[in-house]
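Descriptive structure summary
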Amino acid sequence: MAIGGAVASTAALTPLARARMMPQDMDRDQFVAVVRELRAIVGEDWVFADEASTISYRKSGIPDLRGEHIPSGAVAPASVEQVQAILAVANRYRLPLWPISTGKNMGYGMATPASSGQMILDLKRMNRILDFDAELGTILVEPGVTYQQIHDYIEDNDLPYWIDVPTVGPIVSMMGNTLERGVGYTPYGDHFFMQCGMEVVLADGTVLKTGMGSIENGNTWQAFKWGYGPYLDGIFTQSNFGIVTKLGMWLMPRPPVYKPFMVRSPNVEDVAAITDTIRPFRMNNLIPNGVLIMGALYQMSMFNSRADLWDGEGVIPLDVIQRHARANDIGMWNTFYALYGTEEMIAAMEPILTGAFEATGADVLTAAEMRGNPYFEHNETLMRGGMTLEEKGLVRWWGRSGGAVAFAPVAPAKGVETIGQTELATEIMNKWGFDYAPAYAVGGRELHHIIFLMFDKGDDEHSAKAEQCMEEMITRFGERGWAAYRSSVSTMDLVADQYGAANREVNARIKQALDPNHIIAPGKQGIA
Ligand code: ADP
């Protein structure tokens, strides 16, 4: 894409060395005028428009060899009114704005925009918990509220609820993760399913409350999702149709007893039988939580750098992974599920599940056997909505300048699908020299295959290979009918194409109707 000129002081730098790039089609004088107007709205300190103050918004963790995801700056409003005023300026100058809540979207581009020159609309200052209904277990939050903040609020007020966190929960927002349709690992793990009501500011400044939110004297906004007429919440997830400023969620009542389990399977091919065993129990809810089938290398890459495990040529051989797994008391696949309820309920269900998993040739282990093992404790924490940051370790795999880009194709929850997907991913990744470090998350009836492609971001050649490898994976998985449910900012068009022309066309029409100047996050999910 065409890239505008840099501001005078940094004109000598190459695009890649820059922390910021000008919006496309905007000259320097216009940009200076925009910054002046934005400062008048949010205050001097909350517009970031020079190299130094923009650096943190530029860190993406994904390959960006051509400098295609470099923002022009950032603006951080403190209220809905300020968001509206910023949108008015953006419409006047045709300034593209890329909204983020906390901007920690790991594996998908963090805070960076789909195309260079967009200004980050950083909503971190809007970070209030606006309502917590202790009887209904519902919460209403602003964008910048982190899971840690909600966790602390619950503890401080001794409320009988759990939250459901994604990995790296402490630093990310309930808003960002839910809008991206992320998942967690308690029975409330499908975040969008548990979302109820939102407030959205449209490009023209209109404030829309979805569901029951606009009923005069109403108090049902966080209690009933569907409202009346077309259900609109969905079109504001993974989208650029509006800026979400409030989000309602349901929280899980804290169960009297929680019992986590780990199923240890020795062989790579065991994942098929494990998946077929999980499926009926997810369908009838005997296993109530989002189950993770963790590959040994994914687990080990959270706690080790590659050099700790292997210093030979090429990808890490299977027997080496197997040896390290055994030494750490884990299998090649380790499946985590949990039971929640009273002692009696759990005692009744436990043998049914244990027997079914043991029939696949696996060991079924409890906390009594695995306590103190960091691999077990990581998932044990997630299944009760606890805080972990261990997954951040993935970016250290190749050393300090690590990068990690995620690919998450979905498939029906059938064993045969895991065989095909694991074979294809291993073939492509190994061809490009990358280790296949997978996990499968089993929802109601589908599998999310979570693949983190870890690479050395400090090495351009390695970054280029990561980019090509990711493109090949998306393309070849797509040819087999396996499309991603989410993608990094660098592959949004590629994935959107796989969902077909009619989807793209309808999205484009909605975009044109709601945001005719295309100022909100152009390129998001392939929508211009
Ligand atoms: P995280 O909670 O993981 O830090 P982010 O803040 O990075 O999440 O948000 C992930 C993505 O979700 C953003 O890149 C953006 O596309 C979208 N998004 C986040 N917050 C909003 C919002 N308030 N309104 C609209 N889109 C948003």
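Here, the structure is the one placed above.
Turning next to the sheet that holds strand 2 (residues 73–75). Strand order in the open sheet made by the 4 strands is 1-2-4-3, with mixed pairing throughout. With partners counted over all chains shown, the strands left at the sheet margins are strand 1 (47–48) and strand 3 (97–100), one partner each. Here 3 bridges tie strand 2 to strand 4 (residues 119–122), and the two strands are oriented parallel to one another. Residue pairing in the sheet places Gly 73 in a bridge with Met 119 of strand 4.

With that out of the way, let us pick up the pattern of salt bridges. If you walk through the whole model with that rule in mind, you get 24 salt bridges. Here Arg 66 ties to Glu 68 by a salt bridge, and the two come within 3.3 Å at their closest N and O atoms. Using a relative accessible area of 48% as the deciding quantity, one classes Arg 66 as partly exposed. The exposure class assigned to Glu 68 is partly exposed, which follows from its relative accessible area of 26%. Through salt bridges that share partners, Arg 371, Glu 377, Glu 380 and Arg 384 make up one connected network.

Let's shift gears to the site of the ligand. Taken together, 21 residues surround the ligand, and among them Ser 101, Thr 102, Lys 104, Ser 173 and Val 244 come closest. Here an oxygen atom of the ligand sits 2.7 Å away from a polar atom, N or O, in the main chain of Ser 101. At 2.6 Å, a side-chain N or O of Thr 102 approaches an oxygen atom of the ligand. Listing elements by their share of the shell around the ligand, those giving two or more residues are strand 3, helix 5 (174–179) and strand 10 (243–250). The element contributing the most residues to the shell around the ligand is helix 5, with 4 residues. Classifying every residue of the shell around the ligand by side-chain character gives 10 nonpolar, 8 polar and 3 charged. Three or more residues apiece are contributed to the shell around the ligand by two domains, here domain 1 (8–125) and domain 2 (129–253).

Attention now moves to the packing of helix 6 (residues 270–283) against helix 13 (residues 415–431). Relative to each other, helix 6 and helix 13 sit at 145°, their axes nearing to 7 Å. The handedness of the crossing between helix 6 and helix 13 comes out as right-handed. Facing Val 271, Ala 272, Thr 275, Asp 276 and Arg 279 of helix 6, the residues of helix 13 in contact are Gly 415, Thr 418 and Ile 419. Within the contact of helix 6 with helix 13, the residues separate by chemical class into 3 nonpolar, 3 polar and 2 charged.

Criteria and cut-off values
- Residues numbered from 1 in each chain as written.
- Predicted model: local features only at pLDDT ≥ 70, side-chain atom pairs only at ≥ 80, totals over all residues.
- Heavy atoms only, no water.
- Pairing = 2+ DSSP bridges.
- Helix = DSSP H or I, 4+ residues; strand = E, 2+ residues; numbered from the N terminus.
- Salt bridge = Lys/Arg side-chain N within 4 Å of Asp/Glu carboxyl O.
- Buried < 20%, exposed > 50% of the residue type's maximum accessible area, 1.4 Å probe, protein only.
- Near = heavy atom within 4 Å.
- Polar contact = N/O pair within 3.5 Å; in protein donor to acceptor, adjacent residues only side chain to side chain.
- Nonpolar A, V, L, I, M, F, W, Y, C, P; charged D, E, K, R; others polar.
- Domains from an automatic or database assignment.
- Axes fitted to C-alpha atoms, helices over the stretch in contact; angles between N-to-C directions.
- Left-handed = near helix turned anticlockwise from the far one by under 90°.
- Contact = heavy atoms within 4.5 Å.

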